[in-house]
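This is what each chain is made of:
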Amino acid sequence: MPFTNSLEGVKDCPVVGAKLPLVVFSHGRGGWFGLHHDTAEALADAGFVVAAISHPGDNGNDSSQSETLSGWASRPADMVHLIDFMLKDWKDRDAIDPSKIGLFGFSKGGYTGLVLAGASLDFQRTASYCKDNSRFCEQVRSGDVPKNLPRDTRIKAAVFADPAPTVAFTKNTLSPINIPLQVWRSESGAKDRGVDPEGVARVLNALPGQPEVHIVPAGHFAFLPPCSPELAANLPRFCTDPAGFDRAAFHRDFDASVFRFFREHL
């Protein structure tokens, strides 16, 4: 996703504190590790360790796996590797409390998090919705689908915004999830990005337990940070919100709610 690749911060800033909670971020299709920088910054400023990656083959600079079934399998594995790195190889790993790990996922990152939280995929249902002759649909119809997707029980709480794609999730496949969830849904979605608001609503209603649910009167891209005037002029699709919706004000509330949820559950 062609958003600015600059972040404000202090390079090699020393880590202060001990037994700090860790939150890992999984971006949407075609995104990058800094896509949700305002939410990450809010958590970091509040004393969380925050880590994010650009998913290989499914980011703004490399979309080679974005439309493939293999990407469905590689994304959860990417996040397992990220958590492994933070707990085992990061230079300040001793500052992290390994019992306090959370995940934030937007769009395809929400799909990624649902799998890591324990959901499986119903590929028979997916095949019934696959009507074209794409390589993806051919693989689904032939049964050439990923098996044994990783679940990571180190993740103790998760926040999802407009998780997608949703077609492979059912009440049964979602039932193993047993961690606290905060979930956000846009009212208008973005079907051209594979985000069906009705499908997201169906999944949210099928989640076990009592997830904290928020409905936002805007579109899918309202979960991205407010756009600069230059970005809004060049990429209005990502920056245009319904009349009367203040993205900056929403993100102040959104970031505060995400922080409050992770503070309560980590």
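Parameters at a glance
Within any chain, residue numbers begin from 1 and follow the written order of that chain's sequence. Only residues with pLDDT of at least 70 get local features here, since the model is predicted, and only at 80 or more are side-chain atom pairs given and counted; chain-wide, interface and lining totals rely on the full set of residues. Excluded from the side-chain calculation are hydrogens and water; included are all heavy atoms of the structure. Per the convention used, a helix needs a DSSP run of H or I reaching at least four residues, while a strand needs a run of E reaching at least two, with both numbered from the N terminus. Relative accessibility decides the category of a residue: with a 1.4 Å probe and only protein chains considered, values under 20% of the type maximum give buried, values over 50% give exposed, and everything between is partly exposed. Any pair of N or O atoms that falls within 3.5 Å is considered a polar contact. Within protein, one atom must be able to donate a hydrogen and the other to accept it, and sequence-neighbouring residues count only if both atoms are side-chain atoms. Whether two residues are in contact is decided by their heavy atoms: any pair within 4.5 Å suffices. Aromatic pairing here means that ring centres of Phe, Tyr or Trp (its six-membered ring) are within 6.5 Å. Orientation follows from the plane angle: under 30 degrees is stacked, over 60 is edge-to-face, and everything else is tilted. What the arc covers is the set of directions going from the helix axis to the C-beta atoms. The axes used here are C-alpha line fits, helices contributing only the stretch in contact, and every angle between their N-to-C directions lies in the interval 0 to 180 degrees. Should an angle lie under 35 degrees it is considered roughly parallel, over 145 roughly antiparallel, and from 65 to 115 roughly perpendicular; all remaining angles are considered oblique. Handedness of each helix crossing follows the sense of rotation of the near helix against the far helix: counterclockwise by less than a right angle gives left-handed, clockwise gives right-handed. Polar here means any residue outside two lists: the nonpolar Ala, Val, Leu, Ile, Met, Phe, Trp, Tyr, Cys and Pro, and the charged Asp, Glu, Lys and Arg; Gly therefore counts as polar. When two cysteine sulfur atoms are found within 2.5 Å, that pair is recorded as a disulfide. Note on pairing: two strands pair once DSSP finds at least 2 bridges between them. When the strands point away from the viewer and the path from the first strand over the helix to the second turns clockwise, the crossover is right-handed.

Chemist: Could you give an account of unusual backbone geometry, naming the residues involved and the relevant values?
Modeler: For the bond from Ala164 to Pro165, the omega torsion is 0°, close enough to zero to count as cis. Assignment of secondary structure puts Pro165 in the loop between β4 (155-161) and α6 (171-174). At Asp12, a position not held by glycine, the phi torsion is positive, near 60°. Since its relative accessible area comes to 61%, Asp12 is described here as exposed. The phi dihedral of Asp162 is positive, around 45°, even though this residue is not glycine. Counting through the fold element by element, Asp162 comes out in the loop between β4 and α6. Taking relative accessible area as the criterion, Asp162 reaches 1% and is therefore assigned buried.

Chemist: Describe the side chain of His27, listing the residues and the values that go with them.
Modeler: Along the chain, His27 falls in the loop between β1 (20-26) and α1 (37-45). Polar contacts involving the side chain of His27 include one to the main-chain amide nitrogen of His55, which spans 2.9 Å. Apart from residues no more than four positions distant in its own chain, His27 is found in contact with Trp32, Phe33, Leu35, Ile53, Ser54, His55, Asp58, Asn59, Arg75, Phe106, Lys108 and Gly109.

Chemist: Talk me through the packing of aromatic side chains; I want residue IDs and the actual numbers.
Modeler: In the structure shown here, the tally under the stated rule is 17 aromatic pairs. Consider the rings of Trp72 and Phe136, whose centres lie 5.3 Å apart with planes at 50°: the pair is tilted. Of this pair, Trp72 sits in helix α2 (residues 70-88) while Phe136 sits in helix α5 (residues 135-142), and the two are 64 residues apart along the sequence. In this structure, Trp72 and Phe136 share a single accessibility class: buried. With 4.8 Å between their ring centres and 70° between their planes, Phe221 and Phe238 make a pair best called edge-to-face. Within this pair, whereas Phe221 is found in the loop between β6 (212-216) and α8 (229-234), its partner Phe238 is found in helix α9 (residues 236-239), the two being separated by 17 residues in sequence.

Chemist: For α5, give the residues involved together with the corresponding values.
Modeler: When we look at burial in α5, the residues that qualify are Phe136, Cys137, Gln139 and Val140. Buried residues of α5, viewed axially, fall in a sector of 160°; they line one side. Exposed side chains of α5 directed beyond 90 degrees from the buried face belong to Arg135 and Ser142. Looking at the buried side of α5, the elements it contacts are α2 and α4 (123-129). Backbone geometry just downstream of α5 places Gly143 in the positive-phi region, at approximately 85°.

Chemist: Describe the packing of α1 against helix α10 (residues 247-265), with residues and values.
Modeler: Two numbers describe how α1 lies on α10: the axes approach to 9 Å, and their chain directions differ by 45°. Overall, the two elements α1 and α10 adopt an arrangement that is oblique. Relative to α10, α1 is oriented so that their crossing is right-handed. For the pair formed by α1 and α10, the contact residues are Asp38, Thr39, Ala42 and Leu43 on the first element and His251, Phe254, Asp255, Val258, Phe259 and Phe262 on the second. Looking at the contact of α1 with α10 residue by residue, the classes come out as six nonpolar, two polar and two charged.

Chemist: Hey, could you go over the state of the cysteines for me, with residue numbers and the actual values?
Modeler: Following the criterion strictly, the structure yields two disulfides and no others. Between the sulfur atoms of Cys130 and its disulfide mate Cys137 the distance is 2.1 Å. Here Cys130 and Cys137 share a disulfide; its torsion about the S-S bond, -80°, makes the bridge left-handed. Sequence-ordered numbering of the bonded cysteines in the chain gives a pairing of 1-2, 3-4.

Chemist: Give a detailed account of the pairing of β1, specifying residues and quantitative values.
Modeler: Of all seven residues making up β1, seven are buried, and the element is well covered by its neighbours. Where β1 meets strand β3 (residues 96-106), six bridges bridge the pair, whose relative direction is parallel. Within the sheet, the bridge partner assigned to Val23 lies in β3 and is Gly102. Bridging between β1 and strand β2 (residues 49-52) involves four bridges; their strand directions are parallel. Paired with Val23 across the strands is Val50, a residue of β2. Following the backbone out of β1, through α1 and into the adjacent parallel β2, one traces a crossover that is right-handed.

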